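Coordinate inspection notes
What follows is the residue order along each chain.
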Amino acid sequence: GNLTLRGGVDSELQQVHVLEKSGNGLDSQPGSTLGALDEDVGGIFSGAWLEGELKVGRFAFLPGLRADLYHSGSTNLPAFEPRLAVRFTVGETTTLKAATGLYHQPATAFVKLPTVALVELSAGLQSSLNSEVGIEQRIDSLGLEVTASLYWSEKLVLRELELSDPDEIAQNRAFACGDFLTACHFDPFRSRRGRSIGLELMVRRKLTENLFGWVAYTLSRTTRWDPNFGVVY
């Protein structure tokens, strides 16, 4: 009838062999941070999700829930993500939409490092509350579909590895302690906060029965801050 249920499971297996050499002649010293690293790192990320769609008049309600388990070594991190979307059909060619949901993922690096998500899983997960409102408009005479959305993403916990840390206050404090890796407990994956807001526009056109193309534009503003040092950037 007016109720539809969808569900599924997915899993990602990562198995990485790490071989790192310092190139400074100290590779013969096992265990040294300046020496060689030769080990296997593995983990598995598994999840299950369930989504319903309930139609009430012109409204469509889509509640959902996703559950994940992130495993690597002795670390096991569960994550539960409730989500909700609402669609309202204004007319045959116009639909209003709104959605919100909680999302998680492991630590990230801006340079592709395949072991980051596994090695730093013990630091904890990132989490974000994402929301959007928008409109979908069909222009049948031109064969176009136009979508405009305003989005807001509140980064509740950020763990981002950066090669050059922009938190200058954090760096100054760390170097003032001498051995900044030990004495100051400098953690490149320390928890930060953040926020992203923006506007997304997309125009899509169906070229043939099985081929379409689109043009998209995003205008956004992103902010990061560190609660420990009060740095905003």
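Data block above holds the structure.
A short tour of the structure in this document, coming up. Since this is a predicted model, take the numbers as computed values, not measurements.

**Notes on the overall build of the protein chain**
- Counting its secondary structure elements, the protein chain contains two helices and 12 strands.
- Mapped from its N terminus to its C terminus, the protein chain presents α and β elements in the order β-β-β-β-β-β-α-β-β-β-α-β-β-β.
- Burial analysis of the protein chain (233 residues in total) assigns 28% to the buried set.
- For the protein chain, contacts bridging at least 24 residues in sequence account for 59% of all contacts bridging at least 6.
- Summing over all exposed atoms, the protein chain offers an accessible surface of approximately 14800 Å²; the carbon and sulfur share of this is 59%.

**A closer look at the pairing of strand S3 (residues 59–72)**
- Sheet topology note: the S3/strand S4 (residues 75–89) ladder contains 14 bridges and is antiparallel. Bridged to Ala67 within S4 is Phe80.
- Counting the residues that bridge the hairpin from S3 to S4 gives two residues, and of these Gly73 lies at a positive phi of roughly 60 degrees.

**Focus on the pairing of strand S11 (residues 211–226)**
- Bridging between strand S10 (residues 192–208) and S11 involves 15 bridges; their strand directions are antiparallel. When the bridges of S11 are listed, Leu199 appears paired with Leu219.
- Linkage of S10 to S11, two consecutive antiparallel strands, is achieved through a turn of two residues.

**Some words on the side chain of Lys155**
- The topology assignment puts Lys155 in strand S8 (residues 144–158).
- Within the buried core, Lys155 has no salt-bridge partner, and the shortest N-O distance to an opposite charge, that of Glu160, equals 7.0 Å.
- A distance of 2.8 Å separates a polar atom in the side chain of Lys155 from a polar atom in the side chain of Ser153.
- Those residues in contact with Lys155 that sit more than four places away from it in its chain are Ser127, Ser128, Arg193, Gly194, Arg195, Ser196 and Arg224.

**Overview of a nonpolar patch on the surface**
- A cluster of nonpolar side chains, Leu3, Leu5, Leu50, Leu54, Val56, Phe59 and Phe61, forms an exposed patch at the surface whose accessible area comes to about 650 Å².
- Mapped onto the nonpolar patch, the elements with two or more residues apiece are strand S1 (3–20), strand S2 (37–56) and S3.
- Counting residues per element, the nonpolar patch draws most heavily on S2, which supplies three residues.
- Along the polypeptide, Leu50 turns up in strand S2.
- For Leu50, a relative accessible area of 52% corresponds to the exposed category.

**Some words on the nonpolar core**
- Within the largest apolar cluster, 10 residues are counted, these being Val16, Val18, Val41, Phe45, Tyr70, Ala79, Ala117, Leu118, Leu121 and Leu125.
- Ignoring anything within four residues of it in the chain, the contact list for Ala117 reads Phe45, Pro106 and Ala107.

**Description of the pattern of salt bridges**
- Under the counting rule described, the total for this entry stands at 12 salt bridges.
- Put simply, Arg6 and Glu53 hold a salt bridge, and the shortest N to O gap is 3.3 Å. Taken together, the residues span a long stretch of sequence, with Arg6 in strand S1 and Glu53 in strand S2 at a distance of 47 residues.
- What makes Glu53 buried here is its relative accessible area of 17%.
- With a closest N to O distance of 3.1 Å, Asp140 and Arg138 form a salt bridge.
- For Asp140, a relative accessible area of 52% gives the class exposed.
- Since its relative accessible area comes to 35%, Arg138 is described here as partly exposed.
- Connected through shared salt-bridge partners, Arg6, Glu51 and Glu53 make up one network.

**A few points about the packing of aromatic side chains**
- The full count for this structure, using the stated rule, is four aromatic pairs.
- With a centroid separation of 4.7 Å and 45 degrees between ring planes, the pair formed by Phe59 and Phe88 is classed as tilted. Residue Phe59 is located in strand S3, and its partner Phe88 is located in strand S4; the two are separated by 29 residues in the primary sequence.
- The exposure class assigned to Phe59 is partly exposed, which follows from its relative accessible area of 37%.
- Ring pairing ties together the aromatic residues Phe59, Phe61 and Phe88, which thus form one cluster.
- Arg204 extends its terminal NZ or CZ atom over the ring of Phe212, reaching a point 4.5 Å from the ring centre.

Conventions we followed
- Residues numbered from 1 in each chain as written.
- Predicted model: local features only at pLDDT ≥ 70, side-chain atom pairs only at ≥ 80, totals over all residues.
- Heavy atoms only, no water.
- Helix = DSSP H or I, 4+ residues; strand = E, 2+ residues; numbered from the N terminus.
- Buried < 20%, exposed > 50% of the residue type's maximum accessible area, 1.4 Å probe, protein only.
- Contact = heavy atoms within 4.5 Å.
- Areas by Shrake-Rupley, 256 points an atom, 1.4 Å probe, with all protein chains shown as cover.
- Pairing = 2+ DSSP bridges.
- Lys, Arg positive; Asp, Glu negative; His and termini not counted.
- Salt bridge = Lys/Arg side-chain N within 4 Å of Asp/Glu carboxyl O.
- Polar contact = N/O pair within 3.5 Å; in protein donor to acceptor, adjacent residues only side chain to side chain.
- Patch = residues over 30% accessible without salt bridge, like charges linked within 9 Å, V, L, I, M, F, W, Y side chains within 5 Å.
- Core = buried A, V, L, I, M, F, W, Y, C linked by side-chain atoms within 4.5 Å.
- Phe/Tyr/Trp six-rings, centres within 6.5 Å; stacked < 30°, edge-to-face > 60°.
- Lys NZ or Arg CZ within 6 Å of the ring centre and 35° of its normal.

As far as function goes, none of this settles anything; it's purely spatial.
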